[in-house]
Amino acid sequence: MPRSFLVAALTAAAMAFAAPARAGDARQSPAVWINPGLYAYHFARDKGLRNRNFGFGVEVQTSPRYGFLAGSYSNSNGARSHYAGALWRPLEWRTASGLRIAAGVALAAIDGYPNYRNGGWFVAPLPLLSIEGRRLGANIALIPTIANRFDGALADQLKLRVW
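Scoring rules and cut-offs
- Residue numbering note: each chain is counted from 1, following its sequence as written.
- Local features in this predicted model are restricted to residues whose pLDDT is 70 or higher, and side-chain atom pairs enter the listing and the counts only when it is 80 or higher, whereas totals over whole chains, interfaces and linings include all residues.
- Remark: hydrogens and water are excluded; side-chain values derive from all non-hydrogen atoms of the structure.
- In this text, helices come from DSSP runs of H or I with a minimum length of four residues, and strands from runs of E with a minimum of two, each type numbered from the N-terminal end.
- To sort residues, take the accessible area from a 1.4 Å probe on protein chains only and compare it with the maximum for the residue type: under 20% means buried, over 50% means exposed, and anything in between is partly exposed.
- Between two residues, a contact is recorded if the distance between any of their heavy atoms is within 4.5 Å.
- One requirement defines pairing of two strands: DSSP has to find at least two bridges between them.
- Salt bridge criterion: a side-chain nitrogen from Lys or Arg within 4 Å of a carboxyl oxygen from Asp or Glu.
- For this analysis, a polar contact is any N or O atom pair within 3.5 Å, provided that within protein one partner can donate a hydrogen and the other can accept it, and provided that sequence-adjacent residues contribute only side-chain to side-chain pairs.

S.K.: Explain the overall build of the protein chain to me, and be specific about the residues and the numbers.
M.R.: Counting its regular elements, the protein chain contains 1 helix and 8 strands. Each helix (α) and strand (β) of the protein chain, taken in turn from the N terminus, gives the series α-β-β-β-β-β-β-β-β. Every one of the 163 residues in the protein chain was classed for burial, and the buried ones make up 40%. When contacts within the protein chain are restricted to residue pairs at least 6 apart in sequence, those whose partners lie at least 24 apart make up 51%.

S.K.: Residues and numbers for the pairing of strand S7 (residues 136-143), please.
M.R.: The pairing of strand S6 (residues 122-132) with S7 spans 5 bridges and is classified as antiparallel. By the bridge assignment for S7, Glu132 is matched with Gly137. Across 8 bridges, the pairing between S7 and strand S8 (residues 153-161) is antiparallel. Pairing of Ala138 across the sheet is with Leu158, part of S8.

S.K.: So what's going on with the pairing of strand S3 (residues 66-74)? Residues and values would help.
M.R.: Side-chain positions along a regular strand alternate between the two faces of the sheet. Bridge analysis of strand S2 (residues 52-61) against S3 gives 7 bridges, and the strand direction is antiparallel. Its bridge partner being in S3, Gln61 is matched across the sheet by Gly67. Here S2 folds back onto S3 in antiparallel fashion, the turn holding 4 residues. The antiparallel pairing of S3 with strand S4 (residues 80-94) creates a hairpin that spans 5 residues between the two strands, and Gly78 there sits at a positive phi of about 85°.

S.K.: Describe in detail the pattern of salt bridges, supporting the description with residues and values.
M.R.: Following the criterion strictly, the structure yields 8 salt bridges and no others. Asp151 is the salt-bridge partner of Lys47, the closest N and O atoms lying 2.7 Å from each other. Remark: Asp151 occurs in the loop between S7 and S8 and Lys47 occurs in the loop between strand S1 (31-42) and S2; sequence separation between them is 104 residues. On the basis of relative accessible area, Asp151 is assigned to the partly exposed category, the value being 22%. A salt bridge links Glu132 to Arg89; its shortest N-O distance comes to 3.3 Å. Remark: Arg89 occurs in strand S4 and Glu132 occurs in strand S6; sequence separation between them is 43 residues. The two residues Glu132 and Arg89 agree in class, both being buried. Each of Glu59, Arg89, Glu92, Arg94, Arg100, Glu132 and Lys159 takes part in salt bridges that share partners, so that together they form one network.

S.K.: Explain the side chain of Arg89 to me, using residue names and the numbers behind them.
M.R.: Look at Arg89 and you get buried, because its relative accessible area is 0%. Side chain to side chain, Arg89 and Ser130 meet in a polar contact 2.7 Å long.

S.K.: Can you explain the side chain of Lys159? Please cite residues and give values.
M.R.: Its place among the elements puts Lys159 in strand S8. Within the local environment of Lys159, its side chain forms a polar contact with the side chain of Glu59, the two groups lying 3.1 Å apart.

Shape is all these values report; function is a separate question.
Pasting the structure below:
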């Protein structure tokens, strides 16, 4: 079984068994989530890029649609990256079990990629899908391929709600 399939299956299982919020519960704001970095499934599988991008990040949701994020991780090129940005997720659905699914965009300032601006800071809009239970969640982002600068990927960031 391919390792990427195993990671996707484990993520789906974690979300299915996450303690869902009760349908009648009012969402508390702010919500604070922490994450251990991300897993990137690269579209160019033959380049030897790092898939497990460990680090530490924080996401603060000031409302169900808006939030901020910041953190640091070891990127796919083996360098250290830092990021800070804002989230906007205007589309939202709730499952019968109480999972919240939201879609939107993250606009983040990121550094550490040697093929772009010599590792300096740049701003990137990233399409984002969030799946959240009461305590466990995941952000799934699409990272576009930009020739000779970035290798595209589907990134999965697991997160734990601490507030």
